[in-house]
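Each chain, written out:
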Amino acid sequence: MSNRCSSLALLLAAGLATSAHAQVGLTTVRVQTGLTRPVFVTAPPGDTSRLFVVEQRGSAGVATRADIRILNLATNTMLATPFLTINNVSIGSEQGLLGLAFDPNYATNGRFFVNYTNSAGTTVIARYTATGGNPASNTADPASATTILTQAQPFANHNGGWMGFGPNDGYLYISFGDGGSANDPQNNGQNTNTLLGKMLRIDVTGATYTIPPTNPFFGSTSMRQEIWAYGLRNPWRSSFDRLTGDFYIADVGQDLIEEINFQPASSATAINYGWRCYEGNNAFNTTGCAPAATMQFPIYTYTHGTACSVTGGYVYRGCAIPSLRGTYFFADYCSAQITSFRYAPGVGVTQLTNRTAELAVAGFTINAIVSFGEDANGELYIVDQGGGELYKIVPRCGINLDSSTINPFLNVNDFTSFLNLFAASDCAANCDKSTVAPVLNINDFTCFLNSFAVGCSNP
Ligand SMILES: [Ca+2]
Ligand SMILES: [Ca+2]
Ligand SMILES: [Ca+2]
């Protein structure tokens, strides 16, 4: 090996070592304000120009109206006309329009699914189609509404509401809370003959839905075949790691403990997450319960105080912050603390980091964090329900590609990182953020060099 190669190898090794121990320099930008009880944001796969904002209820000053609105990401403006309006939703604090999921094949079929509580307080899962079946349309066709599934709710709270498609199986997952009140009085979480307190998995490629033959209770007459997992209290925001298919379920606790659960992509059995037998790792009401050894306990818990209600987030898989990839973000609704960690089976939670101060932005207050969301690129957003605001997590210095905070934080390692990312056709090398193919070209070298020459004031 020549000296030149050895030097390059050392340089690369030094760069990698720095990355592995780097503190990531993050901040947020407020991308939108004036929203009406925003509760979720998402985008169709591959649609990098739009972000769809779910307003829970109270849209246009009407208590029972809920809108899905479109944020034009290129101009950072909300389109004046809603994508879809749903009327006659119920108005309890945890009711309204709660979930939205675009079909994995939205680009060809224009289908999407919503989850809301109607005027009777019943959860409705419905399918709609973009106007004219055109996925580029900025409106949906109200007449396309097709009810997929309904579930009566015995109490107004704990409606779950999240939905998402499994990245590996294309099935629709739907979270249901335990029916509400407190302490799961109907013992729904452990009852496999109700959809309450469950994570469902259904096949929605047809007219309504069918049961995937690989569901754990497929063919059963005594247990609901839609069930994928059970023992949940009020799973408030779940997500798939879009790269691995691993599944994160944040479950809101009763009076003491908040929890985050993990299901590896390879899992195929009916996992029992424990509620109302266990709250976090603590026994809650074990009367009539199966042995604890049959249950899956959380990968992470935290106790109440100023905190009181977990808001699950996402594993970051975006372009802008390569060193952050694989990091899971979540928040607490009451304390407005934002935390991240990495998780691997057999290893556990590592790099547990409170991000609140890092993500704070002068002049604005990020609180009432009701949800996170991803755009089509996998960049992360924070939904502030109380303030009607939407924030985006961004790097403090986009060209500090190794995320080092050691002075000088812009150095040869960032050139190495840029070259490696470019060679790997990684979207992080799209410095000029062009969208015209080929998105990675000589302009990105110019952009990187110019940006490096200007520098950043903060790592
Ligand atoms: Ca649990
Ligand atoms: Ca650097
Ligand atoms: Ca480019």
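All of these numbers come straight from a predicted model, not from anything done at the bench.

To continue, consider helix H4 (residues 412-423). For H4, spanning twelve residues, the distance from its first C-alpha to its last is 17 Å, which sits close to the expected 16 Å at 1.5 Å a residue. All buried positions along H4 are accounted for by Asn413, Asp414, Ser417, Phe418 and Leu421. Around the axis of H4, the buried residues are gathered within 140° of arc, so they sit on the same side. H4 presents Val412 and Ala423 as exposed residues on the side facing more than 90 degrees away from its buried surface. Two residues or fewer past H4, Ser425 is found with a positive phi of approximately 55°.

The next thing to look at is the environment of Leu51. Within the secondary structure layout, Leu51 lies in strand E3 (residues 50-55). What Leu51 contacts, discounting residues up to four positions off in sequence, is Val41, Ala43, Leu71, Leu73 and Asp375.

This next bit is on the domain arrangement of the protein chain. Per the domain assignment, the segments of the protein chain are domain 1 (1-25 + 397-459) and domain 2 (26-395). Taking only C-alpha atoms into account, the centre of domain 1 sits 34 Å from that of domain 2.

Take the sheet that holds strand E16 (residues 247-251) next. Strand order in the open sheet formed by four strands is E15-E16-E17-E21, and the pairing between neighbours is antiparallel. Each edge of the open sheet carries a strand with a single partner, namely strand E15 (235-240) and strand E21 (300-303). The average undirected angle you get between the axes of adjacent strands in this sheet is 10°. Here four bridges tie E15 to E16, and the two strands are oriented antiparallel to one another. Paired with Ser239 across the two strands is Tyr248, which belongs to E16.

About the criteria used
- Residues numbered from 1 in each chain as written.
- Chains lettered and ligands numbered in written order.
- Predicted model: local features only at pLDDT ≥ 70, side-chain atom pairs only at ≥ 80, totals over all residues.
- Helix = DSSP H or I, 4+ residues; strand = E, 2+ residues; numbered from the N terminus.
- Expected span 1.5 Å × (residues − 1).
- Buried ≥ 20, exposed ≤ 12 C-beta atoms within 10 Å, placed from the backbone.
- Arc of directions from axis to C-beta.
- Contact = placed C-beta atoms within 7 Å.
- Domains from an automatic or database assignment.
- Pairing = 2+ DSSP bridges.
- Axes fitted to C-alpha atoms, helices over the stretch in contact; angles between N-to-C directions.

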